[in-house]
Amino acid sequence: MKLNKKDKLILISKYNLDLVSQIINNQKFRNHNIECSNFNGNLEIFLMNKKNIKKNDYAFIIEDIYDISKEFKKSLKNEKVNFKKFGDEIKNYCKLIDILKKYVSKIFISNFEIYERTNFLNFFTHSKKEEGPSYLINIANNLIADFFDNSEDIFLINNSHLSNIKINYSNYYTAKFPIEIENLKKIANNLINGIINLKGDGKKLIICDLDNTLWGGILGDVGYEKINLGGHDAIGEAHKDLQLFLKHLKNQGIMLAISSKNEMRNVEEAFKKNENMILTLNDFVEIKCNWDDKAKNISEILKNINITSSHAVFIDDSKIERERIKEIFPEIVCPEYFDNILTANENFFREAWFNNPSFTKEDKNRTSSYLASKEIKNIESKKLSNKELNNWVKKLNVKISKKELNKDNVKRTIQLFNKTNQLNTITRRLSENSLKNWLKKNKARINLYYVSDKFADYGLTAITTYKDSKNLYEIYDFLMSCRITGRHVENQIVEEFTKKNKKIEINFQHSKKNKPMFDMLKKLGFILK
């Protein structure tokens, strides 16, 4: 996927963030081109000068609460704070962010932190109710989170690791940033990965080794009872914590797979019988336990899941295996630190690859949806006759409900527009505002389809946008998640349009990836160019 334009990101802060913009501008991305610029001043000053306001795709704001709230300044002097006025000051700041939203598609806001001026205060007074600096900062961050709770375009980033213990006064006095250089690099990395994830091109799969990765020891040598997992052992605890973290990622929509040189019967026994096991085999979308080359296994995993190698991470304690995978799949990330599980977790847990700003119920159910789709593919591979296949689809008990666009489903709607490639007629990338404006300007309609069957509830997984005139339905966007293929969902959607005996025209724009949709529509009888 080649980008036709650069994604423009502006950093708004009184602090010197030149290093952040340099890091971002010097990065080479496979599918993305991010152009980063700086404004050295706070948000209010930025908005006062209309020359500053140019259309940007993204903005990042890092403010000092000291400059936003006069009441907060009082807390630094141990003076009485008017708590109501403090709340009003924070709400006014939120309104400034709302104004910025008119000119920027997506906004990242760093949470407030105490960057300077308070180390000399009595730390026992920091959390005093309605007066202490730490208390007020927690309230301010919660007010901002509440204010933008329903926004699909404004994201609050928790940078609490950039706390007082990380302050570098030399940096602040000489270069006007109070944060350690290493943490500025982390800010840049978080922004890069946030943008990439919003565009649907983040990491989606972790392929795991087993021995000395998910547990300590060689399963085939020691048996499931003696693998090192949990218990009162440093290495065992570290492996158990890794499994807990992977379980957390799985519940956030990251898929897990296994590529291990082991006997499958031994692996099944370990997952079933070891009482310290956190993960189950059902948490993995693909399992390759054999003595084949791991590169061969991973190739099959990627093919079965239908994702590219750039979306995958491979974790393995063996440097030889990691080097082999990097040789065959240069775009798969293979962290080097898994040589030592005691230090691996510290690094792996802090990686920004999996921080998805836009998280939906459908993301959470991705693994169960994939396993259900896998079952359907197994049936399709048996080469049933059309009659047999139709009878089998009927037994799936596929249910489709249609809903209108609303505040509860707009996040998932925008996510589908921006992530769907193969089953997508015109492959538009839209924000919430651009979609609503297009619908209004063109007097068009949108249908959102929720799909379930006897295996799983897939949620919102198909969309159509169209114009409805006297004798014609003109369909623009027709897009579906790959997770619901093989269920004749597309047949039911088209059948609904045919009920009023109107002509149906489908706009189709070829891309490098949407041939499956072209073939599907031709199979349904549409003549496309």
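Rules used in this analysis
Residues numbered from 1 in each chain as written. Predicted model: local features only at pLDDT ≥ 70, side-chain atom pairs only at ≥ 80, totals over all residues. Heavy atoms only, no water. Helix = DSSP H or I, 4+ residues; strand = E, 2+ residues; numbered from the N terminus. Buried < 20%, exposed > 50% of the residue type's maximum accessible area, 1.4 Å probe, protein only. Contact = heavy atoms within 4.5 Å. Axes fitted to C-alpha atoms, helices over the stretch in contact; angles between N-to-C directions. Parallel < 35°, antiparallel > 145°, perpendicular 65-115°, else oblique. Left-handed = near helix turned anticlockwise from the far one by under 90°. Nonpolar A, V, L, I, M, F, W, Y, C, P; charged D, E, K, R; others polar. 1 Å grid on protein atoms, 1.4 Å probe; cavity = no way out; pocket = protein on both sides within 12 Å on 5 of 7 lines; lining within 4 Å. Points joined across faces, edges and corners; volume = space filled by probe spheres on them. Salt bridge = Lys/Arg side-chain N within 4 Å of Asp/Glu carboxyl O. Pairing = 2+ DSSP bridges. Right-handed = clockwise from strand over helix to strand, strands pointing away. Core = buried A, V, L, I, M, F, W, Y, C linked by side-chain atoms within 4.5 Å.

**Section: the overall build of the chain**
Then, number 1: Tallying secondary structure elements over the chain gives 21 helices and 14 strands in all.
Then, number 2: Here the chain, with 529 residues, has 50% of them falling under the buried criterion.
Then, number 3: Pairs at least 24 apart in sequence give 70% of the contacts found in the chain among residues at least 6 apart.

**Things to note about the packing of helix α10 (residues 234–250) against helix α14 (residues 341–348)**
Then, number 1: At a minimum axis distance of 9 Å, the contact between α10 and α14 shows a crossing angle of 30 degrees. As judged from the angle between their axes, α10 and α14 are roughly parallel. The way α10 lies across α14 gives a crossing that is left-handed. Residue-level contacts link Ala234, Ile235, Ala238, His239, Asp241, Leu242, Phe245 and Leu246 of α10 to Ile341, Leu342, Asn345 and Phe348 of α14.
Then, number 2: Broken down by class, the residue content of the contact of α10 with α14 amounts to nine nonpolar, two polar and one charged.

**Here we look at empty space enclosed by the protein**
Then, number 1: This model, assessed by the stated rule, comprises three cavities of 30 Å³ or more.
Then, number 2: Computed from the structure, the largest cavity encloses a volume of approximately 110 Å³.
Then, number 3: Counting residues per element, the ones that place at least two in the lining of the largest cavity are α8 (181–198) and α18 (410–419).
Then, number 4: By residue number, the principal contributor to the lining of the largest cavity is α18, which donates five residues.
Then, number 5: For the lining of the largest cavity, the residue count by class is three nonpolar, five polar and four charged.

**Considering the pattern of salt bridges**
Pairs can form between side chains of opposite charge once their charged atoms are near each other.
Then, number 1: Under the criterion given, the structure shown has 38 salt bridges.
Then, number 2: Residue Glu71 pairs with Lys74 through a salt bridge whose shortest N-O separation is 3.2 Å. Pair noted here: Glu71 and Lys74 are both in helix α4 (residues 70–76), with a separation of three residues, about one helical turn.
Then, number 3: Of the residues examined, Lys74 reaches a relative accessible area of 28% and is grouped as partly exposed.
Then, number 4: Across the pair Lys502 and Asp468 runs a salt bridge whose closest N-O atoms are separated by 2.4 Å. Of this pair, Lys502 sits in the loop between α20 (489–498) and β14 (503–506) while Asp468 sits in strand β12 (residues 457–468), and the two are 34 residues apart along the sequence.
Then, number 5: Take Lys502: its relative accessible area is 19%, and that puts it in the buried class.
Then, number 6: Given a relative accessible area of 27%, Asp468 falls into the partly exposed group.
Then, number 7: Salt bridges sharing common partners tie together Lys319, Arg322, Glu323, Lys326, Glu336 and Asp339.

**Some words on the sheet that holds strand β4 (residues 104–110)**
Then, number 1: Judged by pairing direction, the sheet is parallel, and its five strands sit side by side in the order β2-β1-β3-β4-β5 without closing on themselves. For this open sheet the edge positions go to β2 (34–40) and β5 (154–157), each flanked by a neighbour on one side alone. With strand direction ignored, the average angle separating the axes of adjacent strands in the sheet is 20 degrees.
Then, number 2: Sheet analysis places β4 next to β5, joined by four bridges and oriented parallel. By the bridge assignment for β5, Ser110 is matched with Ile157.
Then, number 3: Each of β1 (7–13), β3 (56–61), β4 and β5 is contacted by helix α5 (residues 83–100), which is oriented at about 150 degrees to β4, the strand it contacts most.
Then, number 4: The sheet contacts of α8 involve β1, β2, β3, β4 and β5, and relative to β4 the element is tilted by about 145 degrees.

**Examining the sheet that holds strand β8 (residues 284–289)**
Then, number 1: With parallel pairing, four strands are arranged side by side in an open sheet as β8-β7-β6-β9. Of all the strands in the sheet, the pair left with one neighbour each is β8 and β9 (312–315). Strand-to-strand, the axes of this sheet are offset by a mean angle of 15 degrees, without reference to chain direction.
Then, number 2: Sheet topology places strand β6 (residues 205–208) next to β9; four bridges connect them, and they run parallel. If you follow Ile207 over to β9, its bridge partner there is Phe314.

**A look at the pairing of strand β13 (residues 472–480)**
Then, number 1: The buried fraction of β13 is high, at seven of nine residues.
Then, number 2: The turn linking β12 back onto β13 is made up of three residues.
Then, number 3: Where β13 lies against β14, four bridges are found, and the strand directions are parallel. Looking across to β14, one finds that Leu472 is bridged to Lys503.
Then, number 4: Note on the crossover from β13 through α20 to β14: the handedness is right-handed.

**Regarding the nonpolar core**
Then, number 1: Ile206, Leu214, Trp215, Leu246, Phe271, Ile315 and Phe348 are the most contacted members of the largest nonpolar core, which totals 33 residues.
Then, number 2: The set of elements that each furnish at least two residues to this core consists of β6, α10, β7 (255–260), α11 (264–273), β8, β9 and α14.
Then, number 3: The element contributing the most residues to this core is α10, with five residues.
Then, number 4: Beyond its immediate chain neighbours, meaning those up to four positions away, Phe348 contacts Ile206, Leu242, Phe245, Leu246, Ile315, Tyr337, Phe338, Trp353 and Phe354.

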